[in-house]
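# Overview (structure and organization)
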Amino acid sequence: QVRLVESGGGLVQFGGSLRLSCAASGFTFSNYAMKWYRQAPGKERELVASITNSGGSTNYTDSVKGRFTISRDNTKKTVYLQMNSLKPEDTAVYYCYALGPGSLNIMRSFWGQGTQVTVSA
């Protein structure tokens, strides 16, 4: 059974930090690229950060560059999102997303259940 379980969300003040974690199980984590998305109330879900299966390459949306860092530990089957200098506009539900090859090399994708991040002004 595939599971992506996010944790680490919460309420933080403007300028504070949070570290999100996403623990994976039920698939070969090291073969999958991992991404963090977020969705604010009334807005579309947006891609925040992504990391390749090896961790060798990362990408960020412009609004979080220099403040957020995505990383992964393939031995722990966990991906992280370190968020610093948080702003009220970072308030959203943050989702973990996995994309990679399944059997017969058919691409598969999975979503976590989300974790709420709220930044107070």
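Residues numbered from 1 in each chain as written. Predicted model: local features only at pLDDT ≥ 70, side-chain atom pairs only at ≥ 80, totals over all residues. Heavy atoms only, no water.

## Quick notes on the packing of aromatic side chains
- All chains considered together, the criterion is met by eight aromatic pairs.
- Seen in terms of ring centroids, Phe27 and Phe29 are 6.4 Å apart; in terms of plane orientation they differ by 50 degrees. Their pairing is tilted. When sorted by exposure, Phe27 lands in the same class as Phe29, which is buried.
- Both rings, one in Tyr32 and one in Phe110, keep their centres 5.9 Å apart while their planes meet at 25 degrees; by these two values the pair is stacked. Residue Tyr32 is located in the loop between β3 (18-25) and β4 (33-39), and its partner Phe110 is located in strand β10 (residues 107-111); the two are separated by 78 residues in the primary sequence.
- Look at Tyr32 and you get buried, because its relative accessible area is 1%.
- The exposure class assigned to Phe110 is buried, which follows from its relative accessible area of 12%.
- Here Arg45 stacks its cationic end above the ring of Tyr95, 3.7 Å away from the centre of that ring. (Phe/Tyr/Trp six-rings, centres within 6.5 Å; stacked < 30°, edge-to-face > 60°. Buried < 20%, exposed > 50% of the residue type's maximum accessible area, 1.4 Å probe, protein only. Helix = DSSP H or I, 4+ residues; strand = E, 2+ residues; numbered from the N terminus. Lys NZ or Arg CZ within 6 Å of the ring centre and 35° of its normal.)

## Details of the environment of Met83
- Inspection of the secondary structure assignment puts Met83 in strand β8 (residues 78-83).
- Here the alpha-carbon distance between Met83 and Cys96, two residues 13 residues apart in the chain, equals 14 Å.
- With residues near it in sequence (within four places) discarded, Met83 still touches Gly16, Ser17, Leu18, Leu20, Arg67, Phe68, Tyr94 and Val117. (Contact = heavy atoms within 4.5 Å.)

## Observations concerning the state of the cysteines
- Under the counting rule described, the total for this entry stands at one disulfide.
- Paired through a disulfide, Cys22 and Cys96 show a sulfur-sulfur distance of 2.1 Å. On the sign convention where negative is left-handed, the bridge of Cys22 and Cys96, at about -80 degrees about the S-S bond, is left-handed. Of the two residues, Cys22 sits in strand β3 while Cys96 sits in strand β9 (residues 92-101), which places them 74 residues apart along the sequence. Accessibility assignment for this pair places Cys22 and Cys96 in one class, buried. (Disulfide = S-S within 2.5 Å.)

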